Amino acid sequence: MRGDDYDYDWRSGDHLDDALLAECSELFSMHYGVWGASGPRPGKQISLSPSKVREFVPSPGWAVLARRGGELVGYALGIRKTIDGFGTMDWVTQLVVHTEHRNRGVATQLLFTFWGFSDHAAWGLVTTNPYAVRALEHITHRRCDLAVIGERLAEIRAAGEGIPYAKDRPIEVTGARSVIDTAFFISHEKLPDKLRRVKESAPWQLGEIAEGEEWLAFTFRSQRPKAYRPDELKALLDRSDRTARNAYARMAMGERHAWARHAAHEVEVAVDTLALTGGERVLDVGCGRGRHTHLLGQHGCNAVGVDFVEAFVTHARAEASALAIECVNFFVGDARTLDLTDGGYDAALCLYDVIGTFPDQAENQRIVDCLARHLRPGGRLLASVMNLELTSSIASLRLDDVANLPEALQALPPSRTMQQSGNVYDPKYFLLDPEGVVYRKEQFDDDGKPPGEYVVRDRRYTRQQVREMCERAGLRLVWARPVALGRWTEALEGTDPRAKEILFLAERSG
Ligand SMILES: C[S@@+](CC[C@H](N)C(=O)[O-])C[C@H]1O[C@@H](n2cnc3c(N)ncnc32)[C@H](O)[C@@H]1O
């Protein structure tokens, strides 16, 4: 079973209904742990009523839920509180994972939702589980440090005011321990063994706890982050690439994006350039919500839209039926491997950064190869890619040597570009590597899905690279021009700040 077999859902603490609280209560009561010798029922499972679960989500509280086949198999509760003059503190107040679903990345995914925001001020939890402390350190790239926790007790207390187990409880942060007396007498039977293993892996400053006590574990943005090890960096980028599809699905693709407003003009240019008079078979690859495909259909073309985000395809189909456009079809498919048996298309569109989605150029080349395969001899492709000449001329964060990527990425500020402005050319928020790959840290947090921060990469191109890519696919480049949004007929200088896309026309050789 892989981590992505799970569905994750995110709710405001104000929207936890009785049925959900009952599910959480049941999961907790079956899987959390057993009472210790000083607990009310030594050796018996600890249970928690639905109303007690509720207390772990004081406002502004959140819950993130992991389900498998509809069944709740894990959840994390927490608060995300902004403290004046300090910043946002992300405190996980409870984490429960079904015993049969442990070691499958569920806890990590739940915790990333709370702690994965690199511009928040502090991240933490209260726990008797040393592995949870290690997860905190791993996700936030900092070690729990007694001196720093000690300096920030006022903020921790302020954040913990609404949390019943933390409010007014005795805290001890000395030279030897960081502990809070929560009077939670969970059994420590397995603790010595866990602690021994945890101490073997890396320094441990938080000391020991007695029954009834828990560790007070926090890390802070002000601490210098540990550099990613090469394997950690690879894992981060792989994980981010896997979520690239999610990132697309979470883009605001509607009117909020300036680039989404010019479909009519763009289809006019396509009709003109590709000499579409009606009746032609046109493929729109990476069609998104189908804005160009629909207009082509309205122009009388038999248009087929393909995208790998199912939600976009569903939306595109619904829109086609609402607009009563009959000669369009939409499919979910990957542009690299697409194999439509009815090939021989008269024309193809591939607009707005479908080519360039992948940091690895071989994958983008597969998209162009695939487009070429689907065209009839003499068939034409109108496509656009992001402009490397402009990107390079404005980049302020540059990576000259990929060996320095870990530090450069850590220093890169996150943005909400994909959800908000869509301006992926803001030099404050991108890092350009020597190969023309751009890195951004994208945060998502106001769309009802679990919040997250991803490293999103895309590849940008010069006109010469576009030519080479076409030639490799058996396409002849007719022209390539840097263009501005909504002005596709005017060729600009490559470094003109308006020239965000390179539009190109290519023809399949005979
Ligand atoms: C910036 S959007 C542009 C969408 C559309 N062409 C438009 O202009 O409205 C890029 C689209 O490419 C799709 N995409 C990227 N890589 C893809 C792939 N390998 N296969 C299918 N779709 C892909 C994304 O899902 C997204 O819908």
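Residues numbered from 1 in each chain as written. Predicted model: local features only at pLDDT ≥ 70, side-chain atom pairs only at ≥ 80, totals over all residues.

Counting 61 residues, the largest nonpolar core has Val282, Val285, Ala348, Cys350, Leu371 and Leu381 as its most contacted members. Take this core: its biggest share by element is six residues, from strand β13 (residues 375–386). When neighbours within four sequence positions are excluded, Val285 is seen to be in contact with Val306, Ala335, Ala348, Cys350, Val354 and Leu371. Core analysis: the second largest hydrophobic core is formed by 55 residues, Leu65, Ala66, Leu125 and Val126 among them. (Core = buried A, V, L, I, M, F, W, Y, C linked by C-beta atoms within 7 Å. Buried ≥ 20, exposed ≤ 12 C-beta atoms within 10 Å, placed from the backbone. Helix = DSSP H or I, 4+ residues; strand = E, 2+ residues; numbered from the N terminus. Contact = placed C-beta atoms within 7 Å.)

What follows deals with unusual backbone geometry. Along the chain, Ser59 connects to Pro60 via a cis peptide bond; the corresponding omega equals 0°. Within the secondary structure, Pro60 sits in the loop between α2 (50–55) and β2 (61–68). With phi around 55°, Ala183 is a residue other than glycine that occupies positive phi space. Tracing the sequence through the fold places Ala183 in strand β7 (residues 178–184). Residue class for Ala183 comes out partly exposed when judged on the 14 C-beta atoms lying within 10 Å of it.

On to the site of the ligand, then. Lining the immediate environment of the ligand, one finds 17 residues, of which Gly286, Gly288, Phe308, Ala335 and Tyr352 sit closest. Among the residues forming the shell around the ligand, the class breakdown is nine nonpolar, three polar and five charged. (Near = placed C-beta within 6 Å. Nonpolar A, V, L, I, M, F, W, Y, C, P; charged D, E, K, R; others polar.)

What follows covers helix α1 (residues 18–31). In a regular helix each residue adds 1.5 Å, so 14 residues correspond to 20 Å; α1 covers 20 Å between its end C-alpha atoms and thus fits that length. For α1, every residue scored as buried is listed here: Cys24, Leu27 and Phe28. Viewed along the axis of α1, the buried residues span an arc of 100°, placing them on a single side of the element. Opposite its buried face, α1 presents the exposed residues Asp18, Ala19 and Met30, each directed more than 90 degrees away. Considering only its buried residues, α1 is in contact with α2, β3 (71–83) and β4 (87–97). Gly33, located one to two residues past α1, shows a positive phi value of around 160°. (Expected span 1.5 Å × (residues − 1). Arc of directions from axis to C-beta.)

We now examine the sheet that holds strand β18 (residues 475–483). Spatially, the seven strands line up as an open sheet ordered β11-β10-β9-β12-β13-β19-β18, and their pairing is mixed. Each of the sheet's edge strands pairs with one partner strand only, and the pair in question is β11 (328–332) and β18. For this sheet the average axis-to-axis angle between neighbouring strands, irrespective of direction, equals 15°. Relative to strand β19 (residues 501–508), β18 runs antiparallel, the two sharing eight bridges. Each residue of the ladder has a partner; that of Ala480, found in β19, is Phe504. (Pairing = 2+ DSSP bridges. Axes fitted to C-alpha atoms, helices over the stretch in contact; angles between N-to-C directions.)

Right, let's get into the domain arrangement of the protein chain. Here the domain parsing of the protein chain yields domain 1 (3–226), domain 2 (258–386 + 461–508) and domain 3 (390–459). Computed from C-alpha coordinates alone, the two centres of domain 1 and domain 2 are separated by 48 Å. (Domains from an automatic or database assignment.)

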